[in-house]
Structure formats: structure tokens, C-alpha cells
2 protein chains.
Amino acid sequence: MRAHELPEIRRLPLFRDMRHASFETLMQGAYAQTFPAGLELIRQGDPADFLHIVMEGAVELYSLWSDRECTMAVVQPVGSFILAACIRDAPYLMSARTLERSRLVLLPSSDVRAVFRTDPEFAVSVIGELAGCYRAVVRHAKGLKLRTSRERIASYLLRQSRLAGEVASYILPVEKRLLASYLGMTPENLSRALKTLEADGVKIDGTRVIITDRARLTALARPDQLIDGPDPDGSTAGVSLPPANVAGLRRGA
Amino acid sequence: MRAHELPEIRRLPLFRDMRHASFETLMQGAYAQTFPAGLELIRQGDPADFLHIVMEGAVELYSLWSDRECTMAVVQPVGSFILAACIRDAPYLMSARTLERSRLVLLPSSDVRAVFRTDPEFAVSVIGELAGCYRAVVRHAKGLKLRTSRERIASYLLRQSRLAGEVASYILPVEKRLLASYLGMTPENLSRALKTLEADGVKIDGTRVIITDRARLTALARPDQLIDGPDPDGSTAGVSLPPANVAGLRRGA
DNA sequence: CGAACCCTTGACAGAAATCAACTAAGGTGG
DNA sequence: CCACCTTAGTTGATTTCTGTCAAGGGTTCG
């Protein structure tokens, strides 16, 4: 574990308010490691041995069923994931893999469970974090059930613009195939839909998004606080696609 | 509040382990009320003033967006709902309405928040409950993204059979239109799909489900612990479609 | 330089939403 | 008690959307 990492973890909403002694205890069992890109970190169905924290890089949470696969979320620094499985001491519902070279901190689940039983402040933080995760997945499910593909794409593109500060142009933070899977469609479908969206106020040039008519795009997407967020919480715990990413320049140019 | 209701609430996993004094405090601010069928209990977007507990009847959680609507879950006795919004003191992400005449207990959100800060045992229960809710929604989302309509229907029918004790025949616990919405399709689509499923080992006669070839139906549904549950938790907190329902005889005959 | 891999495009088949009409069952009010 | 009305459910015809299969261009990385 590196010197600067402990304070970073400590600043996470999940760990910010806990007692000093509890934090020490948790970190005693922690270990950090750097993984190459494309590595499977956890496999759905396995017992939840560790709470994972992404310090650098990016991790994809995805699910498998019967030779099909879909992306559920992308976790970026500094965020944790699979807290729920750790707490329930239950099998992971999702798999996780690194999207790029990534540095993770792993906390034994048993330590996490032990600590929130003795540190009420930590328990409260865990409650807040879980409630936030829950609400994020509910939003995702709402989007899937209430919106058409084009509407989901339009909403996503607008949300990314908002997260970058209402910019008119930005770089997609993830590969299109991953985005397609996250939005619940095939890459081919996304590709075609993006093309037809040029008539609705947004142009895509490679990985660059250019909003040409925000009003028109907004009319199509009809963004909704209760689907697109925010819950201006704090932590992002394996929840939605990329937060922050201020300049819109994480990948590509 | 009726005499027998307090012990029933106390038996819920969410309240089972808390201190006596805390329980008393919570129940002091509680009030119970019976509502007619079809009444809107809460509207998405409203501030989360109360934690709701279903004592009798059934409550549908649904979402609205842009003149579309979809069912997210059905809560049956004895279960709670919208815990997450209460805890975050955030707007409800879902609306709720009674499906039949229902008796509810309402706990002021502020009381809930206050109590879990002072009663570590209650905090731990809340953590468990939220983690369970989170996992349930993740399962639901996985089903929507990984399975086709027919597979979702087949899985649902099999799961209901399992919940009723591997029976070969049972009565659908909810209206078909609601089921269609829950499974992410139109009523027409469900109706047609059910017809074609007769070739795959299940026959529907009105509200009665008859599994004629379990092996065949199972081959189609490919049930998966990581989608269809269980998390043999305890509480069901507004999470999936009906639990229990032992004889499969809640509605109809 | 070659091998993957991502992305795109085209052609096609299958699935699902929509619109409309019709039936049946349940509840209401005369 | 019956006529009526409302609503769930079904079925059909049609259109739209989506997934699948296949091929080709471009890029990255070893």
C-alpha cells in the first residue's frame, strides 16, 4: 500500500466518518495490487471474500448467463464495488474485469462485516452507500423499461455532457461496444442508432460526441431527475457509467 | 394500531434485532391505516416522509416517465418498501398504489434515520435489508438484459412454482397486465408468448398455470441462482414479485 | 508485418410494439 | 334480478425495432 493511498481511501464517503481505530483495523488487513488490463478480478457466483476499491484505472462490472454477457456498470477511481455481496456474505451477482491497467485495494469481507458491527459511524456510512447503490440500479432498470433505445442513448449522451459541465463536445469515456451493452443493445444497433441520431441534434465522429442541437436532443431524451440522477451523493460505488471525467478527456485524444 | 400488529412488525428481519427501547420509539410515531384498492399511496418525486410497511393486502411499486408506466415490484405482507429513499431523505424513485384493500403502517422517515444512528443493532439490520434490496434489483436488471421475453416468462413461471413448493399447478398471484409490465413487455406480447409456451411445457388456463413438462420448461428458462434467487434472506422489502403464496391460491379460485 | 479487435454497413429473419376489434367477466345501478 | 358499463384478456393485421450473420475498413499491439 502506498503512502498517498490511505488518505485517499479515508476521503471516500464510505470511510470518511468512521472511527480512527476502526479505519486502522480495516486497513491492517488490506492489500493493494496493480492488475493488467482485461483481467478477470472476480467471477459471478464466487464467494465474496473482498471488498474492492479502485484507486487507479477502471473496472467493468458485467453479468453472464447462458453464453450471453452484459455490462452492468463501470467503476472508476475512487470507488468501491460489490459491497452488498460482502455484507451478506453471499456470492457475487456480477463479474468484474479491469478495462485498463488498474490499481486496486482489497479489504477482507469479514473485516468489513466485523467493523460495521462495532463502529456505528461506519454502519451509518455503509447504509448511505448501499442506499445510493440501490437507487442507482433502480434508475438503471427504469431506463431500460421505460425508454426506447434511442432515448437511452440520447439520455446518456446528454448526461455525459452535463457531467463534463454542459460542454457541447466531449470524448466517449468507454468503448462503444461496452456502451451498447450497458444501454442494453447490440453494438450494431448502437452504431445504427447513433447515425440516425444525427437528425436529432448530435453528431458522433469516432469517439467524439458533438451536440449540434441541444434543445432537439433534450426533447428526444426528456431527461428526468428520477432516472438520470443525480443523487449528488458522493461515492459512486459501481453504479452508473463514468462520473466526473471533467474535461471529457479520459480516453482518446 | 391493532394489538396483533406490533408483534408482527417486530418479527420482521428489519426490526427483529433492534433494542426494545428503539422499537418503542419507532412505534410511538407510527400510525396504521387501511386504504381501498387502487389508491395512490406515494408518487415518485415526492419527498420520502414515511417508511411504509404492508400488513395486509398488496402494494404495487411502479414508475412513470413521459406517459409510459412500468411495474417495478409488488410488496406483500409483511414487507416494507422505499427504505432507501427514507434513509437518504431523497425523493421517491417509484410510485406506489394499492392493488387491493390494504392495511399499512407508516413510520416517519426522520424517526427511522434517528433510530439507526443510536441503535447499532438496528443499523446492522438496515444494512442487511438494503443489501438484499440492492441484490434483488440487480437480479431484475440482469433478467431484463440477459434474457428474452420468453425466457423471462418461463423463469417467472418456474420460480412461482418453486415458491409454492415445486407444484405442477398454481394460480397466478397477479394480473397478467401487471405481470407483463413487471417482465418488461406489453400485455399483448405476454398473451401471445404464453400461447406459444404451450409447446415448451406449460399451459395457461385463465389465471391457472399448469406445468406439463417441467424438464422442457426448465431447459428453456435455464434458471440461475444469480438471477432467480434466492437470497434466502427473510424480508422481501419491495423487491420482486410475490414470495410465499404457499398454495398458489391468493387470487382467483 | 500480421493478428486481433473494434467499428461499421448490408441483408435478412425474428421479435416486439401498436392499432383495432372482439369476448368475457365483474360490478353498478336501476 | 337484469341491463349496462367497465375492464382484463385475447386475437389479428401491420409496422417498427432489434438481433443475427456476414463482410470489409481501420487501428493497435505484439
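Residues numbered from 1 in each chain as written. Chains lettered and ligands numbered in written order. Predicted model: local features only at pLDDT ≥ 70, side-chain atom pairs only at ≥ 80, totals over all residues. Heavy atoms only, no water.

(A) A look at the sheet that holds strand β11 (residues 208-211) of chain A. Residues and elements named next belong to chain A. The strand order across the open sheet built from three strands is β9-β11-β10, with neighbouring strands paired in antiparallel fashion. Either end of the sheet is taken by a strand with one partner, and the two such strands are β9 (169-171) and β10 (202-205). Across the sheet, the axes of successive neighbouring strands diverge by a mean angle of 20 degrees, strand direction being ignored. Here β10 runs beside β11; their pairing, made up of four bridges, is antiparallel. If you follow V202 over to β11, its bridge partner there is I211. Strands in contact with helix α7 (residues 149-163) are β9, β10 and β11; relative to β9, the strand with the most contacts, it is inclined by about 100 degrees. (Pairing = 2+ DSSP bridges. Helix = DSSP H or I, 4+ residues; strand = E, 2+ residues; numbered from the N terminus. Axes fitted to C-alpha atoms, helices over the stretch in contact; angles between N-to-C directions. Contact = heavy atoms within 4.5 Å.)

(B) Layout of the environment of L26 of chain A. Residue and element names in this part refer to chain A. Along the chain, L26 turns up in helix α3 (residues 20-28). By relative accessible area, L26 is classed as buried at 0%. Linking L26 and S109, residues 83 residues apart in sequence, is a C-alpha distance of 9.8 Å. (Buried < 20%, exposed > 50% of the residue type's maximum accessible area, 1.4 Å probe, protein only.)

(C) Representation of the relation of the copies chain B and chain A within the structure. Each copy superposes on the other: chain B lies on chain A with an RMSD of 0.1 Å after a rotation of 180 degrees and an axial shift of 0.0 Å. Both copies are brought into coincidence by an operation consistent with a two-fold rotation axis. Distance from the rotation axis, computed per C-alpha, reaches its smallest value in chain B at Y134 of chain B: 2.3 Å. The fraction of interface residues of chain B whose copies in chain A are also interface residues reaches 100%, indicating that both copies meet through the same surface. (Least-squares fit on C-alpha atoms with pLDDT ≥ 70 in both.)

Function cannot be read off these values alone, since they describe shape.
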